[in-house]
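What follows is the residue order along each chain.
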Amino acid sequence: MVEFLRSGCTSDIMKCLRTADGNKLALAGSQTIAARKATLYTFAPVFDGTFLRERPVEAFKNGHFAQVPVLFGSNTNEGAKWSASLHDASANTSMPNATETTVYNFLKGQFADLTRASFDQAVTKFYPLSDYGTLSLQGQQMYGEMRYICTAELITGAAFDHKLKAYQFRYDNPVSGSDHGADLAAFFSTSTPSDPNVNALFVAMREFWTSFVATSQPSAKDSSISWKAVADSNSSPRILLHPGAINGIALENLSSALSARCAFWHGISAELKV
């Protein structure tokens, strides 16, 4: 942003920005966003060691958080559609000429210090293209786990290590979608779902969440499943929130493969700055 401000910000950058003309700041902000076509969120909190002294996962692992029960989770398809929304063709994995470099460019657009060596290691050891079939699905899984899914696993595991109750969920709804934010429909939708199984799921979810707020223990009279707190550092079990009487709400353990992938991303958190 300083590059576009062109106001002589060389030494005390923050002082310079604070005294800059508001219109010039707004223009510089727009120019910065326009120049970062491979980036989803151009402006975000920055770990600087002063104002933000710890990354969120490290703060949880070190016990530097409010010592209260935790409810955290993710959706099955957290990484879906993000890359396809980018205007930068070199980082858009839905393009017909996309390659592994396209996937790397997409991830680097979100994590500027991610090295090609770390990306290649992730692909070789944890995300081979043969497991996904398409570059879009490969990139989707990598981004969804490194930003959202593994965060839930690491934070609830850390809460368990500090002897706090931690509850983890996975929202998986093949009827109306399991993309990032899709679970919010259970709480903020103004209409009743036409599918009775989805409606029953939403009713149970509202009961789980409100009871957790009131009692620190999620429970639902409309579910036969008791949501158990995670019982180990790997954050198992978690509740599967899925519509349907047969494959509906259930408890599941996290796979060792997912735990290994999350451990890899956490191992390069200095690169990711998360």
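Rules of the game
- Residues numbered from 1 in each chain as written.
- Predicted model: local features only at pLDDT ≥ 70, side-chain atom pairs only at ≥ 80, totals over all residues.
- Heavy atoms only, no water.
- Phe/Tyr/Trp six-rings, centres within 6.5 Å; stacked < 30°, edge-to-face > 60°.
- Helix = DSSP H or I, 4+ residues; strand = E, 2+ residues; numbered from the N terminus.
- Buried < 20%, exposed > 50% of the residue type's maximum accessible area, 1.4 Å probe, protein only.
- Arc of directions from axis to C-beta.
- Contact = heavy atoms within 4.5 Å.
- Pairing = 2+ DSSP bridges.
- Axes fitted to C-alpha atoms, helices over the stretch in contact; angles between N-to-C directions.
- Disulfide = S-S within 2.5 Å.
- Parallel < 35°, antiparallel > 145°, perpendicular 65-115°, else oblique.
- Left-handed = near helix turned anticlockwise from the far one by under 90°.
- Nonpolar A, V, L, I, M, F, W, Y, C, P; charged D, E, K, R; others polar.
- Polar contact = N/O pair within 3.5 Å; in protein donor to acceptor, adjacent residues only side chain to side chain.

A. Examining the packing of aromatic side chains more closely. Evaluation of the coordinates by the stated rule reveals 19 aromatic pairs. For the pair tyrosine 127 and tryptophan 265, a centre-to-centre distance of 5.9 Å together with 35° between the ring planes defines the contact as tilted. A residue pair is termed long-range when its members are at least 10 positions apart, and tyrosine 127 in the loop between α6 (116-125) and α7 (135-161) and tryptophan 265 in helix α10 (residues 256-267) qualify at 138 residues. With relative accessibility at 0%, the residue tyrosine 127 sits in the buried group. Each ring, one from phenylalanine 187 and one from phenylalanine 188, has its centre 6.5 Å from the other, and the planes form 65°; the classification is edge-to-face. The class for phenylalanine 188 is exposed, based on a relative accessible area of 61%. Each residue in the set Tyr167, Phe169, Phe187, Phe188, Phe208, Trp209, Phe212 and Trp227 is aromatic and connected to the rest through ring pairs, giving one cluster.

B. Broad picture of α6. Residues of α6 that are buried: Ser118, Phe119, Ala122 and Val123. Each buried residue of α6 lies within a common arc of 135° when the element is viewed along its axis, so the set occupies one face. Facing away from the buried side of α6 by over 90 degrees, the exposed positions are Ala117, Thr124 and Lys125. Close packing links the buried residues of α6 with α5 (100-110), α7, α10 and α11 (269-272).

C. View of the side chain of asparagine 92. Tracing the backbone through its elements, the reader meets asparagine 92 in the loop between β1 (70-75) and α5. Setting aside residues no more than four positions away along its own chain, asparagine 92 makes contact with Ser83, Ala84, Leu86, Ala98 and Thr102.

D. Summary view of the sheet that holds strand β4 (residues 250-252). An order of β1-β2-β3-β4 is seen for the 4 strands of this open sheet, with the pairing classed as mixed. Because the sheet does not close on itself, it has two edges, and the strands there are β1 and β4. Each strand axis lies, on average, 30° off the axis of its neighbour in the sheet, ignoring direction. Taken together, the 6 bridges between β1 and strand β2 (residues 166-171) define a ladder with parallel strand orientation.

E. Main features of the state of the cysteines. Applying the stated criterion across every chain yields a total of 1 disulfide. Each sulfur in the disulfide pair cysteine 150 and cysteine 262 lies 2.1 Å from the other. Its torsion about the S-S bond being -80°, the disulfide of cysteine 150 and cysteine 262 is classed as left-handed. Of this pair, cysteine 150 sits in helix α7 while cysteine 262 sits in helix α10, and the two are 112 residues apart along the sequence.

F. Up close: the packing of α5 against α6. Interaxial distance between α5 and α6 falls to 11 Å at its minimum, and their mutual angle equals 120°. Between α5 and α6, the crossing angle belongs to the class labelled oblique. Pair α5 / α6 crosses with right-handed handedness. Here Glu100, Thr101, Val103, Tyr104 and Leu107 of α5 lie close against α6, whose contacting residues are Arg116, Phe119 and Val123. Classifying every residue of the contact of α5 with α6 gives 5 nonpolar, 1 polar and 2 charged.

G. Main features of the side chain of serine 259. Inspection of the secondary structure assignment puts serine 259 in helix α10. By relative accessible area, serine 259 is classed as buried at 14%. Setting aside chain neighbours within four positions, we find serine 259 in contact with Glu153 and Asn234.

H. Structural view of α5. The set of residues buried in α5 consists of Thr102, Val103, Tyr104, Phe106, Leu107, Gly109 and Gln110. Against the buried residues of α5 lie α6 and α7. Capping of α5 at its N-terminal end is provided by threonine 99; its side-chain oxygen lies 3.2 Å from the backbone amide nitrogen of threonine 101.

I. Structural context of unusual backbone geometry. Cis geometry marks the peptide bond from serine 236 to proline 237, where omega comes out at 0°. Within the element layout of this structure, proline 237 appears in the loop between α9 (196-215) and β3 (238-241). For serine 216, which is not glycine, the phi dihedral falls at a positive 70°. Relative to the assigned elements, serine 216 resides in the loop between α9 and β3.

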